Amino acid sequence: MAKEDVKASRMEQGRKTINYLQKMKDEGTKLVQMCPGPRDQFWVMAAEMAGCDICRLTVPGDGSDPEMQVKLAPFWIKCVRKAASKIHINFYMQTMTYASKEDAVRNGSLYLNCGADSLLPMGVTNETLKYMTDNYLIVFGHIGALSGWQTARQGGYKRLGKTAEEAFEVFKMGYEYQENGMMAMTIEMTPIEVTNAIAKKLRVPVIAVAAGGAADGSELVDFDTFGMMPKVYQHAKVYAEFFPFACEAYMQWADDVREGVYPEDKHGWHMDPAELEKFNAMLEKF
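## Brief notes about the packing of helix H4 (residues 66-83) against helix H5 (residues 101-114)
Geometry of a packed helix pair, given as the angle between the helix axes and the separation of the axes. Between H4 and H5, whose axes approach to 8 Å, the crossing angle comes to 25°. Our classification of the angle between H4 and H5 gives roughly parallel. The crossing of H4 and H5 is right-handed. Across the interface between the two elements, Ala73, Pro74, Ile77 and Lys78 of H4 pack against Leu110, Tyr111 and Cys114 of H5.

So this is what it looks like as structure tokens:
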């Protein structure tokens with residue numbers, strides 16, 4: 001690549017692009033995907049420092065104000081990208097942002113320009129998907145169980161692919177997505193055998209989410225990774241306990257403050273004696 005081409009590119013050297021993910025699949029190297037949920041950019045920074053490949057990024061919030069989340073999306077992508085310059089950011093698009101294929105291109109191009117590497121429009125139609133990919137947007141989508149309110153049509157968040165016919169429908173959705181330009185996808189809540197078979201059959205990377213199996217890699221949400229759920233679900237493995245660690249740190253700090261151990265003299269700095277004398281004189285006269 002010519003020197004001027006490097007300067008013209010918006011992609012930093014070493015960034016884990018969609019081509020990097022495809023290369024990992026082709027080489028048989030497992031991909032590691034984290035999802036911070038409504039956590040801040042420093043969780044993503046830590047994941048990048050640890051060598052994770054992909055961040056499935058959502059805008060903070062509990063979903064009760066989606067319009068505000070849409071407004072915050074460009075700002076939030078920039079914040080996370082500034083903190084973590086290399087990790088692949090797969091940005092979750094609110095459904096209203098791809099309500100039409102024109103909206104999908106308008107909003108998707110904005111998100112990519114703000115620092116996302118790929119887009120996740122959950123349950124996107126093939127027509128809208130093809131319009132997005134025909135306009136060179138990079139879509140890294142999702143098959144199997146959907147999330148949030150979108151689970152209603154499938155009877156809630158539950159396992160899919162228990163029968164051969166149901167499993168084939170999941171595969172068919174993935175195949176059609178691939179043929180319409182989707183460049184990677186996650187597969188959720190399918191049996192181990194179905195997860196592995198679909199990942200092997202499709203050309204593009206397939207990451208397992210609560211789906212067991214090897215696939216081309218695996219995702220864990222930080223709530224599961226750090227033991228922040230009320231109970232440990234079957235798909236999850238806890239690697240560290242966040243709340244005991246954080247509470248212990250807060251408790252030690254609070255005890256130090258109440259006992260006068262913190263702050264110490266070394267934690268601050270002193271005023272020039274002459275200026276201090278003048279300041280005290282001013283206070284006395286006030």
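There's more to say after this.
## Remarks on the side chain of glutamate 188
Considering the arrangement of structural elements, one finds glutamate 188 in strand S6 (residues 184-188). There is no salt bridge for the buried glutamate 188, and the closest opposite charge comes from arginine 56, which lies 6.1 Å off by N-O distance. In contact with glutamate 188, other than residues within four places in its own chain, are His142, Ile143, Gly144, Ala145, Tyr157, Val209 and Ala211.

## Quick notes on a nonpolar patch on the surface
Residues Tyr250, Trp253, Val257 and Tyr262 make up a contiguous nonpolar surface patch of roughly 460 Å² in combined accessible area. With respect to the helices, strands and loops of the structure, tryptophan 253 is situated in helix H10 (residues 242-259).

## Quick notes on the environment of alanine 83
Tracing the sequence through the fold places alanine 83 in helix H4. The exposure class assigned to alanine 83 is buried, which follows from its relative accessible area of 17%. Sequence separation between alanine 83 and alanine 104 is 21 residues; the distance between their C-alpha atoms is 26 Å. Setting aside residues up to four positions removed in sequence, alanine 83 forms contacts with Gln41 and Met45.

## Here we look at the sheet that holds strand S2 (residues 54-57)
The strands that make up a sheet pair up through hydrogen bonds in the backbone, lying either parallel or antiparallel. Here eight strands make up an open sheet; going across it, the order is S4-S3-S2-S1-S8-S7-S6-S5 and the pairing parallel. Lying at the two open borders of the sheet, with one neighbouring strand each, are strand S4 (118-121) and strand S5 (140-144). In this sheet, adjacent strand axes meet at a mean angle of 25° when their direction is disregarded. With five bridges joining them, S5 and S6 adopt parallel strand pairing. Within S6, the position partnered with glycine 141 by the bridge is methionine 185.

## Details of helix H11 (residues 273-285)
End to end, H11 covers 19 Å across 13 residues, agreeing with the expected 18 Å (1.5 Å per residue, within 8%). The N-cap of H11, judged by a side-chain oxygen 3.1 Å from the amide nitrogen of alanine 274 a few residues on, is aspartate 272.

## Considerations on the packing of aromatic side chains
In the structure shown here, the tally under the stated rule is six aromatic pairs. For the ring pair tryptophan 43 and phenylalanine 226, a centre distance of 5.0 Å and an interplane angle of 90° mean the geometry is edge-to-face. Residue tryptophan 43 is found in helix H3 (residues 41-49), and its partner phenylalanine 226 is found in the loop between helix H9 (222-225) and H10; the two are separated by 183 residues along the sequence. Assessed through its relative accessible area of 25%, phenylalanine 226 is described here as partly exposed. Ring centres 5.5 Å apart and planes at 50° place the aromatic pair tryptophan 43 and phenylalanine 242 in the tilted group. Residue tryptophan 43 is found in helix H3, and its partner phenylalanine 242 is found in helix H10; the two are separated by 199 residues along the sequence. Since its relative accessible area comes to 18%, tryptophan 43 is described here as buried.

## Quick look at the pairing of S5
Burial runs high along S5: five of the five residues are buried. What you see with S5 is no split at all: Phe140, His142 and Gly144 on one side and Gly141 and Ile143 on the other are buried throughout.

## A word on H5
Its 14 residues place the ends of H5 20 Å apart at the C-alpha level, agreeing with the 20 Å of an ideal helix rising 1.5 Å per residue. Ala104, Val105, Asn107, Gly108, Tyr111 and Cys114 are the residues of H5 that are buried. Contacts made by the buried residues of H5 are with H4, strand S3 (88-93), S4 and helix H6 (126-134). Phi for glycine 115, located one or two positions after H5, is positive at around 130°.

## Observations regarding the pattern of salt bridges
A side chain of one charge can pair with a side chain of the opposite charge when the charged atoms of the two come close. A complete count under the given rule lists twelve salt bridges for this structure. Between aspartate 103 and arginine 106 there is a salt bridge whose closest N-O contact spans 2.6 Å. Note that aspartate 103 and arginine 106 are positioned in helix H5 at a spacing of three residues, about one turn of the helix. For the salt bridge of lysine 172 with glutamate 169, the shortest nitrogen-to-oxygen distance reads 3.7 Å. Of the two residues, lysine 172 and glutamate 169 both sit in helix H7 (residues 164-179), three residues apart, roughly one turn of that helix. A residue is classified by how much of its surface remains accessible, and lysine 172, at 33% relative accessible area, is partly exposed. Salt bridges linked by common partners bring Arg15, Arg81 and Asp117 together as one network.

The rules behind these values
Here, residues in each chain are numbered from 1, in the same order as that chain's written sequence. Only residues with pLDDT of 70 or above have their local features reported here, since the model is predicted, and side-chain atom pairs are shown and tallied only from 80 upward, although totals for entire chains, interfaces and linings are computed over all residues. With hydrogens and water stripped out, all remaining heavy atoms of the structure feed into the side-chain values. All axes are obtained by fitting lines to C-alpha atoms, using only the stretch in contact for helices, and the reported angles, taken between N-to-C directions, cover 0 to 180 degrees. Helical segments are the DSSP runs of H or I of at least four residues, strand segments are the runs of E of at least two, and each set is numbered from the N terminus. For classification purposes, angles smaller than 35 degrees are called roughly parallel, those larger than 145 roughly antiparallel, those between 65 and 115 roughly perpendicular, and all remaining angles oblique. With the far helix as reference, a near helix turned anticlockwise by less than a right angle produces a left-handed crossing, and one turned clockwise produces a right-handed crossing. The contact criterion used is simple: two residues touch if any of their non-hydrogen atoms lie within 4.5 Å. Exposure is judged per residue with a 1.4 Å probe applied to protein chains only, and the accessible area is read against the type maximum: over 50% gives exposed, under 20% gives buried, and values in between give partly exposed. None of His or the chain ends enter the tally, which takes Lys and Arg as positive and Asp and Glu as negative. The term salt bridge refers to a side-chain nitrogen of Lys or Arg lying within 4 Å of a carboxyl oxygen of Asp or Glu. Like charges within 9 Å and nonpolar side chains (Val, Leu, Ile, Met, Phe, Trp, Tyr) within 5 Å are joined into patches, using only residues over 30% in relative accessible area that form no salt bridge. Computed by Shrake-Rupley with a 1.4 Å probe, the accessible areas treat only the displayed protein chains as cover when residues are assessed. Note on pairing: two strands pair once DSSP finds at least 2 bridges between them. One less than the number of residues in a helix, times 1.5 Å, gives the span that helix is expected to have. Distance and chemistry together define a polar contact, namely a pair of N or O atoms within 3.5 Å, with one atom able to donate a hydrogen and the other to accept it when in protein, and with adjacent residues in sequence counting only for side-chain atoms on both sides. Under the pairing criterion, centres of Phe, Tyr and Trp rings, with the six-membered ring standing for Trp, must be within 6.5 Å; the plane angle then separates stacked pairs below 30 degrees from edge-to-face pairs above 60, leaving the rest tilted.

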